[in-house]
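# Chain and residue survey
Here's the letter readout for the chains.
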Amino acid sequence: MSSILKVNTLQDAGGNAIITSDGSGNLTTQNILNPAFHAFLNSSQSTSHSTFTTLICNSEIFDSNSAYNVSNGRFTPQIAGKYFMFANIHWESMETGTTVELEIRKNGSRSGETNLIRRNSRAGDQSIFSSIIIDMNGSSDFLTLGGLQNSGFTKNAEGGTGFQATYFGGYRIGN
(Lines give C-alpha, C1' and ligand atoms only; values in the text may rest on other atoms or scores of the structure.)
Protein backbone atom coordinates (compact mmCIF):
# COMPACT_ATOMS: atom_id res chain seq x y z
CA MET A 1 0.00 0.00 0.00
CA SER A 2 1.39 3.39 -0.94
CA SER A 3 0.44 6.73 0.47
CA ILE A 4 0.45 10.13 -1.16
CA LEU A 5 1.49 13.25 0.67
CA LYS A 6 -0.11 16.47 -0.56
CA VAL A 7 1.69 19.68 0.30
CA ASN A 8 0.70 23.17 -0.86
CA THR A 9 3.79 24.84 0.59
CA LEU A 10 7.19 23.51 1.61
CA GLN A 11 8.83 25.81 4.16
CA ASP A 12 12.31 26.24 5.55
CA ALA A 13 13.04 26.17 9.29
CA GLY A 14 12.15 29.87 9.56
CA GLY A 15 8.69 29.39 8.04
CA ASN A 16 9.59 30.89 4.66
CA ALA A 17 8.05 29.30 1.58
CA ILE A 18 10.60 27.41 -0.53
CA ILE A 19 8.23 25.58 -2.90
CA THR A 20 4.54 26.26 -3.45
CA SER A 21 1.97 24.29 -5.42
CA ASP A 22 -1.21 25.46 -7.13
CA GLY A 23 -2.85 22.08 -6.37
CA SER A 24 -2.69 20.94 -10.02
CA GLY A 25 0.89 19.71 -9.95
CA ASN A 26 2.48 23.01 -10.89
CA LEU A 27 5.34 23.93 -8.54
CA THR A 28 6.88 27.35 -8.01
CA THR A 29 10.23 27.74 -6.30
CA GLN A 30 10.99 30.80 -4.22
CA ASN A 31 14.42 32.30 -4.67
CA ILE A 32 15.84 32.40 -1.14
CA LEU A 33 19.17 33.60 -2.48
CA ASN A 34 17.86 37.14 -2.99
CA PRO A 35 18.85 39.85 -2.58
CA ALA A 36 22.07 39.20 -4.41
CA PHE A 37 24.60 41.41 -6.16
CA HIS A 38 28.05 41.47 -7.72
CA ALA A 39 29.87 44.74 -8.47
CA PHE A 40 33.39 45.71 -9.48
CA LEU A 41 35.66 48.75 -9.83
CA ASN A 42 35.58 49.85 -13.47
CA SER A 43 38.64 52.08 -13.01
CA SER A 44 41.39 52.18 -10.42
CA GLN A 45 40.70 53.96 -7.12
CA SER A 46 43.46 55.81 -5.28
CA THR A 47 44.18 55.01 -1.61
CA SER A 48 46.38 57.07 0.69
CA HIS A 49 49.11 55.59 2.90
CA SER A 50 47.73 54.14 6.19
CA THR A 51 44.24 55.53 5.58
CA PHE A 52 41.24 53.20 5.53
CA THR A 53 39.44 53.82 2.23
CA THR A 54 35.93 52.70 1.29
CA LEU A 55 36.23 51.18 -2.17
CA ILE A 56 33.22 51.96 -4.33
CA CYS A 57 32.66 49.20 -6.86
CA ASN A 58 30.85 51.31 -9.42
CA SER A 59 29.79 48.76 -12.06
CA GLU A 60 27.26 46.01 -11.39
CA ILE A 61 27.26 42.60 -12.97
CA PHE A 62 23.81 42.09 -11.41
CA ASP A 63 21.74 43.43 -8.51
CA SER A 64 18.56 41.40 -8.00
CA ASN A 65 16.79 43.80 -5.62
CA SER A 66 18.54 47.13 -6.27
CA ALA A 67 20.21 46.70 -2.86
CA TYR A 68 23.71 47.80 -3.88
CA ASN A 69 24.38 51.50 -4.42
CA VAL A 70 27.11 52.14 -7.03
CA SER A 71 27.53 55.78 -5.91
CA ASN A 72 28.42 55.10 -2.24
CA GLY A 73 29.41 51.39 -2.27
CA ARG A 74 26.74 50.30 0.23
CA PHE A 75 24.87 47.00 0.18
CA THR A 76 21.57 47.54 2.08
CA PRO A 77 19.47 44.41 1.51
CA GLN A 78 16.21 45.37 3.33
CA ILE A 79 15.52 41.66 3.98
CA ALA A 80 16.64 40.24 7.31
CA GLY A 81 18.80 37.15 7.30
CA LYS A 82 22.23 35.66 7.02
CA TYR A 83 24.32 36.74 4.04
CA PHE A 84 27.35 35.19 2.38
CA MET A 85 29.61 38.07 1.34
CA PHE A 86 32.82 38.00 -0.69
CA ALA A 87 35.34 40.55 -1.91
CA ASN A 88 38.69 40.94 -3.61
CA ILE A 89 41.06 43.91 -3.76
CA HIS A 90 43.89 43.93 -6.29
CA TRP A 91 46.58 46.40 -5.25
CA GLU A 92 48.89 47.81 -7.92
CA SER A 93 52.70 47.97 -7.53
CA MET A 94 53.22 47.22 -3.86
CA GLU A 95 56.62 47.19 -2.17
CA THR A 96 57.91 44.13 -0.30
CA GLY A 97 56.75 44.13 3.32
CA THR A 98 53.84 46.51 2.76
CA THR A 99 50.76 45.55 4.77
CA VAL A 100 47.57 45.34 2.74
CA GLU A 101 44.13 44.94 4.30
CA LEU A 102 40.65 44.08 3.07
CA GLU A 103 37.68 44.70 5.33
CA ILE A 104 33.95 44.12 4.88
CA ARG A 105 32.46 46.59 7.35
CA LYS A 106 28.98 46.54 8.84
CA ASN A 107 27.27 49.93 9.27
CA GLY A 108 30.42 51.83 8.40
CA SER A 109 32.71 50.68 11.18
CA ARG A 110 34.62 47.69 12.46
CA SER A 111 32.43 45.48 14.64
CA GLY A 112 32.22 41.93 15.92
CA GLU A 113 30.68 40.98 12.59
CA THR A 114 33.31 42.72 10.51
CA ASN A 115 35.79 40.76 8.46
CA LEU A 116 39.42 41.91 8.37
CA ILE A 117 42.10 40.16 6.34
CA ARG A 118 45.70 41.45 6.54
CA ARG A 119 48.89 40.25 4.93
CA ASN A 120 52.38 41.40 4.08
CA SER A 121 52.98 41.79 0.37
CA ARG A 122 55.85 41.01 -1.93
CA ALA A 123 57.04 43.40 -4.61
CA GLY A 124 54.51 43.81 -7.39
CA ASP A 125 50.73 43.58 -7.68
CA GLN A 126 48.93 41.88 -4.80
CA SER A 127 45.42 40.46 -4.53
CA ILE A 128 43.64 39.82 -1.27
CA PHE A 129 40.33 37.90 -1.06
CA SER A 130 37.93 37.25 1.77
CA SER A 131 34.45 35.96 2.50
CA ILE A 132 32.18 36.07 5.55
CA ILE A 133 28.71 35.05 6.70
CA ILE A 134 27.03 37.98 8.43
CA ASP A 135 23.61 38.74 9.98
CA MET A 136 21.67 41.71 8.59
CA ASN A 137 18.58 43.19 10.29
CA GLY A 138 16.69 43.94 7.08
CA SER A 139 15.87 47.54 7.94
CA SER A 140 18.99 49.66 8.36
CA ASP A 141 22.12 47.46 8.27
CA PHE A 142 24.53 48.02 5.40
CA LEU A 143 27.89 46.64 4.32
CA THR A 144 30.83 48.30 2.59
CA LEU A 145 34.16 47.14 1.21
CA GLY A 146 37.30 48.92 2.28
CA GLY A 147 41.02 48.61 2.16
CA LEU A 148 44.19 49.96 3.68
CA GLN A 149 47.83 49.85 2.60
CA ASN A 150 50.91 51.21 4.36
CA SER A 151 53.39 51.47 1.52
CA GLY A 152 54.35 55.05 2.39
CA PHE A 153 52.82 56.17 -0.91
CA THR A 154 49.44 56.62 -2.57
CA LYS A 155 48.54 53.34 -4.27
CA ASN A 156 45.66 52.14 -6.44
CA ALA A 157 43.11 49.45 -5.90
CA GLU A 158 43.01 48.24 -9.49
CA GLY A 159 39.90 48.39 -11.61
CA GLY A 160 39.02 48.15 -15.28
CA THR A 161 36.22 47.48 -17.71
CA GLY A 162 37.78 44.41 -19.33
CA PHE A 163 38.26 42.47 -16.09
CA GLN A 164 37.20 42.36 -12.45
CA ALA A 165 40.33 42.89 -10.34
CA THR A 166 38.58 44.51 -7.36
CA TYR A 167 35.05 43.32 -6.64
CA PHE A 168 32.38 42.99 -3.94
CA GLY A 169 29.31 40.76 -3.83
CA GLY A 170 27.01 38.64 -1.77
CA TYR A 171 23.66 36.94 -1.39
CA ARG A 172 21.15 35.93 1.26
CA ILE A 173 21.51 32.32 2.41
CA GLY A 174 18.59 32.17 4.85
CA ASN A 175 17.27 33.41 8.17
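Our subject in this report is the structure included herewith. (Residues numbered from 1 in each chain as written. Predicted model: local features only at pLDDT ≥ 70, side-chain atom pairs only at ≥ 80, totals over all residues. Heavy atoms only, no water.)

## Digging into the overall build of the protein
- Each helix and strand in the protein was counted, giving zero helices and 16 strands.
- For the protein, the proportion of its 175 residues judged to be buried stands at 41%.
- Sequence-distant contacts, at least 24 apart, represent 68% of the contacts inside the protein between residues at least 6 apart.
- Carbon together with sulfur atoms contributes 49% to the accessible area of the protein, which is approximately 9,000 Å² in total. (Helix = DSSP H or I, 4+ residues; strand = E, 2+ residues; numbered from the N terminus. Buried < 20%, exposed > 50% of the residue type's maximum accessible area, 1.4 Å probe, protein only. Contact = heavy atoms within 4.5 Å. Areas by Shrake-Rupley, 256 points an atom, 1.4 Å probe, with all protein chains shown as cover.)

## Description of the pattern of salt bridges
- Taken as a whole and assessed by the stated rule, the structure comprises five salt bridges.
- Notably, a salt bridge pairs Arg-110 with Glu-103, separated by 3.0 Å at the nearest N-O pair.
- Residue Arg-110 is classed as partly exposed on the basis of its relative accessible area, which comes to 47%.
- A relative accessible area of 1% places Glu-103 in the buried class. (Salt bridge = Lys/Arg side-chain N within 4 Å of Asp/Glu carboxyl O.)

## What about unusual backbone geometry?
- Backbone geometry places Ser-50, a non-glycine residue, at a positive phi of 55°.
- Among the secondary structure elements, Ser-50 is positioned in the loop between β5 (45-47) and β6 (53-55).
- Take Ser-50: its relative accessible area is 42%, and that puts it in the partly exposed class.
- Residues other than glycine seldom take positive phi values, yet Asn-107 does so here, at roughly 55°.
- Within the element layout of this structure, Asn-107 appears in the loop between β11 (99-106) and β12 (115-120).

## Brief notes about the packing of aromatic side chains
- A full pass over the atoms with the stated rule returns eight aromatic pairs.
- Ring geometry for Phe-37 versus Tyr-68: centroids 4.7 Å apart, planes at 5°, classification stacked. Taken as a pair, Phe-37 in strand β4 (residues 36-40) and Tyr-68 in strand β8 (residues 68-69) lie far apart in primary sequence, 31 residues in all. Note on accessibility: Phe-37 and Tyr-68 belong to one class, buried.
- Both rings, one in Phe-84 and one in Phe-86, keep their centres 6.4 Å apart while their planes meet at 35°; by these two values the pair is tilted.
- Residue classification places Phe-84 among the partly exposed positions, given a relative accessible area of 24%.
- One aromatic cluster is present, formed by Phe-37, Tyr-68, Phe-75, Tyr-83 and Phe-168 through successive ring pairs.
- One Lys or Arg, Arg-74, reaches over the ring of Phe-142 and ends 3.7 Å from the middle of that ring. (Phe/Tyr/Trp six-rings, centres within 6.5 Å; stacked < 30°, edge-to-face > 60°. Lys NZ or Arg CZ within 6 Å of the ring centre and 35° of its normal.)

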